[in-house]
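Each chain, written out:
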Amino acid sequence: MIIDAELEKKEIISRYRRLLRKAKPILKDGDAKLIKKAFTLSLDAHKDMRRKSGEPFIFHPLAVAEICVEEIGLGTTSIISALMHDVVEDTDIELADIERMFGKKIARIIDGLTKIRGVFEYGTSQQAENFRKMLFTLSEDVRVILIKLADRLHNMRTLDSMPRNKQLKVANETIYLYAPLAHRLGLNAIKTELEDLYLRFTDKPVYDSIARSIDATRAARTKFIKQFMVPIKDELDKMKVDYEIKGRPKSIYSIRNKMRKQNIPFEEVFDLFAIRIIVDTAIDHEKALCWQVYSIVTDHYKPNPNRLRDWISTPKSNGYESLHTTVMAKNGQWVEVQIRSKRMDEIAEKGYAAHWKYKDRDTTAESNLEKWLARVRDLLEQNNHSALDFVDDFRGNLFSDEVFVFTPKGELRTLPYGATALDFAFEIHTQVGSKCIGAKVNSKLVPINYVLKNGDQIEILTSQKQHPHEDWLRFVVSSKAKTRIKDELKEDRRKASEEGKEILIRKLKSVKEEPTPQLMEQAREYFKVNGNFELYYRVGRGFITGADIKKFIENKPLTVVRPRVSVAPESKLVEQEVGSLKTKYHDILLIGEDMDVVDYKLAKCCTPIPGDDVFGFVTVNEGIKIHRTNCKNAPELLSHHGNRVVKAKWTSQHEVAFLTGLKILGTDRVGLINDVTKIISEELKVNMSSMSIHTDSGIFEGEIMLYVNDTRHLEQLIERLRGVEGVEKVSRFDSKE
């Protein structure tokens, strides 16, 4: 690669000046000097480093700082921190140096953005540990998360230059953690872009196809919006209010989700866009004016009464305020209309940072976002479980919708959608939750697993004899309840384990046996448990009885010799796993950096076949498993253990049959099943594994599991089946296992 140093230097200066221009409106005296100091330090620290694309590394911190200013609306502290966010992690500069030069606050933010160094044991997750560390700074400064989101957005925008397995790891981690986090902090524009980029890198054919379809329908959409708005514009002009109208197409990712969920093609997705009416008015008049606009819209178009959403009276907990309605246009098409003020629109797009701007004038959104942050801080302080558990609990509270309920005194409480009476009890207080035996909802007695509905008024019933049970974890949904229940159960297990230890030692001494480490190892082997704690717990709980212990003493071997096991770092184990699986067979899947032929298993959750875009995942007990890149389990696997991913690519060595499923829908007629099976078995010589057919009121629905060679073979089969008279739709589905 030929590098023109002079040209690069000019480009760096040009990008730095662009950043200053965009930051100018928010800069105070002395800020520009501090930004220059941070830029100079970062430029010098990263001077010999390049990104995977070959461009100078400094382009990345400059881009992150620009996103912070322009797209999130952050200030000088964040610009300085963004410029230096990789300095401590990637260069010789220490945190103490940053603190000395820029003060404690910026040093703390950069510490939150710095990954944890060192080797992680097999079974733990470096990604989860780093995510938890970053969240710990939430209790001090939410800007850490906002800068991290800007960092992630730029990394996703420039993901093209990364190797395939790295692309999959970063994209899946993004959809699993960072997109929900952006949503929770109200950064709608960033959340949408992260989701679309995830789809682009994990399922490019689907992404490209939807993007092409959106482009193709753009002109018709613009014309439709113009016509739809004519009568509404006339009325708004008469009212003499400042307003703006936007026609906003839905994101590619949300269209794909709708197509998947409803199993429909692009042409059948009706709400491809929403019309947004933004009015500019004083904060005191917002609510009344928005309802006035709603009245105008519904005077001209019939609304769907089930689709009215009032987030102005009760804002979402990420601060989002808006009035949504779905109305029937003159051509018989449903159209979503969103009505909001300019202030609400800014909070909806820029979230947390915009929300501070209006903080003094507004209390509702502030209190909701603050309540959520307080809940996260609470969760962080209480959490003493593994990082993986923590990340899963935390994630559970990010993307969920909400349910609004009331205490007996009429206080409004917001809980995650699907929350039960028990979640509500823990929301009130840990002790109330632990002692909860039931509840009265709207004066009716209900069990603790009753799922709350909007507007329910709840009174919790308690008993001193009650204590948490393991099965409570099956129906609570809030992180707070899960964490508290786990803590109480942990304490119960500890007590049972202590009692069990005393019982076991007493029993051993009664038959003149000393509890030596060797004897305890033999006992663990005999009772098939992992550690002494588990052994004592089982004795304490009575799962291992006195008779069982006696039998063990009588049958124990004289000595036991076990090989020593040394735990290697996880990445080393992955290499060993790939190395040990090399085989002499010629198969049709090449795996790993060197594209070797190794043994593998196909994941049952997504039943990959040759031609699918796939990756290998090194499991603990079952070797390498092959998943499709758009598998529903991929985000979780790759967010927790991204370093266990290995590249995988199909080659056409020889024909092997792979199991996959087809769903067929159509209008029933005599001989339809015969025509379908004829094409499958006789014409295309495909073997079927199973077939289930269901007909109801003239509608025919069938699911067929069959063996195909690759995606080309499958597409040919789908095409032929679509040509059968009466067949309306043929689609592939993942295995039910």
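Please read these numbers as outputs of a predicted model, since none were measured by experiment.

(A) How the structure looks around the overall build of the protein chain. Looking only at helices and strands, the protein chain has 30 helices and 21 strands in total. For the protein chain, with 737 residues in total, the buried portion stands at 48%. For the protein chain, contacts bridging at least 24 residues in sequence account for 68% of all contacts bridging at least 6. With an accessible surface of roughly 37400 Å², the protein chain has 50% of that area assigned to carbon and sulfur atoms.

(B) Region of the structure containing the sheet that holds strand S10 (residues 444-446). The strand order across the open sheet formed by 3 strands is S10-S9-S11, and the pairing between neighbours is antiparallel. Here the strands that pair on one side only, and so sit at the sheet edges, are S10 and strand S11 (458-462). For this sheet, the mean angle separating the axes of adjacent strands, direction not counted, is 30°. As paired elements, strand S9 (residues 436-441) and S10 share 3 bridges and run antiparallel to each other. When the sheet's bridge partners are listed, Ala-439 is paired in S10 with Val-446. Against the sheet, helix H20 (residues 421-428) makes contact with S9 and S11, and its axis sits at roughly 85° relative to S11, the strand it touches most.

(C) Highlighting the nonpolar core. By size, the foremost hydrophobic cluster in this structure holds 97 residues, and its most contacted members are Leu-83, Met-84, Ile-98, Phe-228 and Ile-232. Residue contributions to this core peak at 9 residues, all from helix H10 (residues 164-184). Judged by nonpolar contacts, the second largest core, of 29 residues, contains Ile-624, Leu-662, Ile-680 and Val-724.

(D) Quick look at the environment of Leu-461. Counting through the fold element by element, Leu-461 comes out in strand S11. Along the sequence, Leu-461 and Gly-433 sit 28 residues apart, while their C-alpha atoms lie 9.7 Å from each other. Excluding residues that lie within four positions of it along the chain, Leu-461 makes contacts with Lys-435, Cys-436, Ile-437, Gly-438, Ala-439, Lys-440 and Leu-445.

(E) Structural context of the state of the cysteines. Here the structure, examined in full by the defined rule, presents 0 disulfides. The closest cysteine sulfur to the non-disulfide-bonded Cys-606 is located on Cys-631, 3.7 Å from its own sulfur. No disulfide involves Cys-631; its nearest neighbouring cysteine sulfur is the one of Cys-605, lying 3.6 Å away. Judged by its relative accessible area of 1%, Cys-631 is buried.

(F) Structural view of the pairing of strand S8 (residues 412-416). Direction of pairing for strand S7 (residues 402-406) relative to S8: antiparallel, over a ladder of 5 bridges. Across the sheet, Glu-402 pairs through a bridge with Pro-416, a residue of S8. The antiparallel hairpin formed by S7 and S8 contains 5 residues in its connecting segment, where Gly-410 sits at a positive phi of about 90°.

(G) Highlighting the confidence of the model for the protein chain. Per-chain confidence: the protein chain averages 81 in pLDDT, with 83% of residues scoring 70 or above. At the low end of the mean pLDDT range in the protein chain sits helix H27 (residues 570-580), at 46; at the high end sits helix H15 (residues 286-300), at 93. Counting contacts from residues 560-587, a segment whose pLDDT is below 50, to residues more than four positions away or on other chains yields 48 contacts.

(H) Spatial organisation of the sheet that holds strand S19 (residues 688-696). Strand order in this open sheet of 4 strands is S19-S20-S18-S21, and the pairing throughout is antiparallel. Single-partner strands in this sheet number two, and they are S19 and strand S21 (727-733). Geometrically, the sheet is characterised by an average inter-axis angle of 15° between neighbouring strands, direction not taken into account. Across the face of the sheet, helix H29 (residues 672-683) comes into contact with strand S18 (658-667), S19, strand S20 (699-708) and S21 while running at roughly 160° to S19.

(I) Quick peek at the packing of helix H9 (residues 143-157) against helix H11 (residues 188-202). The N-to-C vectors of H9 and H11 enclose an angle of 35°; their axes lie 10 Å apart at closest approach. Note that H9 runs across H11; the crossing there is left-handed. In contact with Arg-152, Leu-153, Met-156 and Arg-157 of H9, H11 contributes Ile-190, Glu-193, Leu-194, Leu-197, Tyr-198 and Phe-201. Looking at the contact of H9 with H11, its residues break down into 7 nonpolar, no polar and 3 charged.

(J) Region of interest: the pattern of salt bridges. Per the stated rule, a full pass over the model turns up 30 salt bridges. Note that Glu-71 and Arg-157 form a salt bridge whose closest N and O atoms lie 3.0 Å from each other. Note that Glu-71 is positioned in helix H3 (residues 59-72) and Arg-157 in helix H9, a separation of 86 residues in sequence. Accessibility expressed as a relative area gives 24% for Glu-71, which makes it partly exposed. For Arg-157, a relative accessible area of 29% translates into the label partly exposed. Between Asp-613 and Arg-164 there is a salt bridge whose closest N-O contact spans 2.8 Å.

(K) Region of interest: unusual backbone geometry. Phi is positive for Lys-240, close to 55°, though the residue is something other than glycine. The topology assignment puts Lys-240 in the loop between helix H13 (218-239) and strand S1 (242-249). A relative accessible area of 74% means that Lys-240 is categorised as exposed. Not every positive phi belongs to a glycine, and Asn-442 is a case in point at roughly 50°. Mapped onto the fold, Asn-442 is located in the loop between S9 and S10. Overall, the relative accessible area of 45% leaves Asn-442 in the partly exposed class.

(L) Local environment of a nonpolar patch on the surface. Together, Ile-673, Met-691 and Ile-693 line one region of the surface with nonpolar side chains, adding up to about 220 Å² of accessible area. Residue placement: Met-691 occurs in strand S19. Accessibility expressed as a relative area gives 33% for Met-691, which makes it partly exposed.

(M) Seen up close, the packing of aromatic side chains. A complete count under the given rule lists 11 aromatic pairs for this structure. With 5.9 Å between their ring centres and 50° between their planes, Phe-527 and Phe-552 make a pair best called tilted. Placement of Phe-527 in helix H24 (residues 517-527) and of Phe-552 in helix H26 (residues 546-555) is noted, with a sequence separation of 25 residues between them. Like Phe-552, Phe-527 is buried. Judged by centre distance (6.4 Å) and plane angle (70°), the ring pair of Tyr-537 and Phe-543 falls under edge-to-face. On the accessibility criterion, Tyr-537 (10% relative accessible area) is buried.

(N) Fine view of H26. For H26, the full list of buried residues reads Ile-549, Phe-552 and Ile-553. One side of H26 carries all its buried residues, which in axial view fall inside an arc of 100°. Residues of H26 that are exposed and point more than 90 degrees away from the buried face comprise Ala-547, Lys-550 and Glu-554. Check the buried side of H26 and you find it contacts helix H23 (479-510), H24 and helix H25 (532-540).

(O) Examining the packing of helix H4 (residues 76-83) against helix H7 (residues 104-113) more closely. H7 packs onto H4 with a crossing angle of 50° between their chain directions and a minimal axis gap of 10 Å. It follows from the interaxial angle that H4 and H7 lie oblique. By crossing handedness, the relation of H4 to H7 is classed as right-handed. Between H4 and H7, the residues in contact are Thr-77, Ile-80 and Ser-81 and Lys-105, Ile-106, Ile-109 and Ile-110, respectively. Residues that form the contact of H4 with H7 fall into these classes: 4 nonpolar, 2 polar and 1 charged.

Procedures and definitions
- Residues numbered from 1 in each chain as written.
- Predicted model: local features only at pLDDT ≥ 70, side-chain atom pairs only at ≥ 80, totals over all residues.
- Heavy atoms only, no water.
- Helix = DSSP H or I, 4+ residues; strand = E, 2+ residues; numbered from the N terminus.
- Buried < 20%, exposed > 50% of the residue type's maximum accessible area, 1.4 Å probe, protein only.
- Contact = heavy atoms within 4.5 Å.
- Areas by Shrake-Rupley, 256 points an atom, 1.4 Å probe, with all protein chains shown as cover.
- Pairing = 2+ DSSP bridges.
- Axes fitted to C-alpha atoms, helices over the stretch in contact; angles between N-to-C directions.
- Core = buried A, V, L, I, M, F, W, Y, C linked by side-chain atoms within 4.5 Å.
- Disulfide = S-S within 2.5 Å.
- pLDDT = per-residue confidence, 0-100.
- Left-handed = near helix turned anticlockwise from the far one by under 90°.
- Nonpolar A, V, L, I, M, F, W, Y, C, P; charged D, E, K, R; others polar.
- Salt bridge = Lys/Arg side-chain N within 4 Å of Asp/Glu carboxyl O.
- Patch = residues over 30% accessible without salt bridge, like charges linked within 9 Å, V, L, I, M, F, W, Y side chains within 5 Å.
- Phe/Tyr/Trp six-rings, centres within 6.5 Å; stacked < 30°, edge-to-face > 60°.
- Arc of directions from axis to C-beta.
- Parallel < 35°, antiparallel > 145°, perpendicular 65-115°, else oblique.

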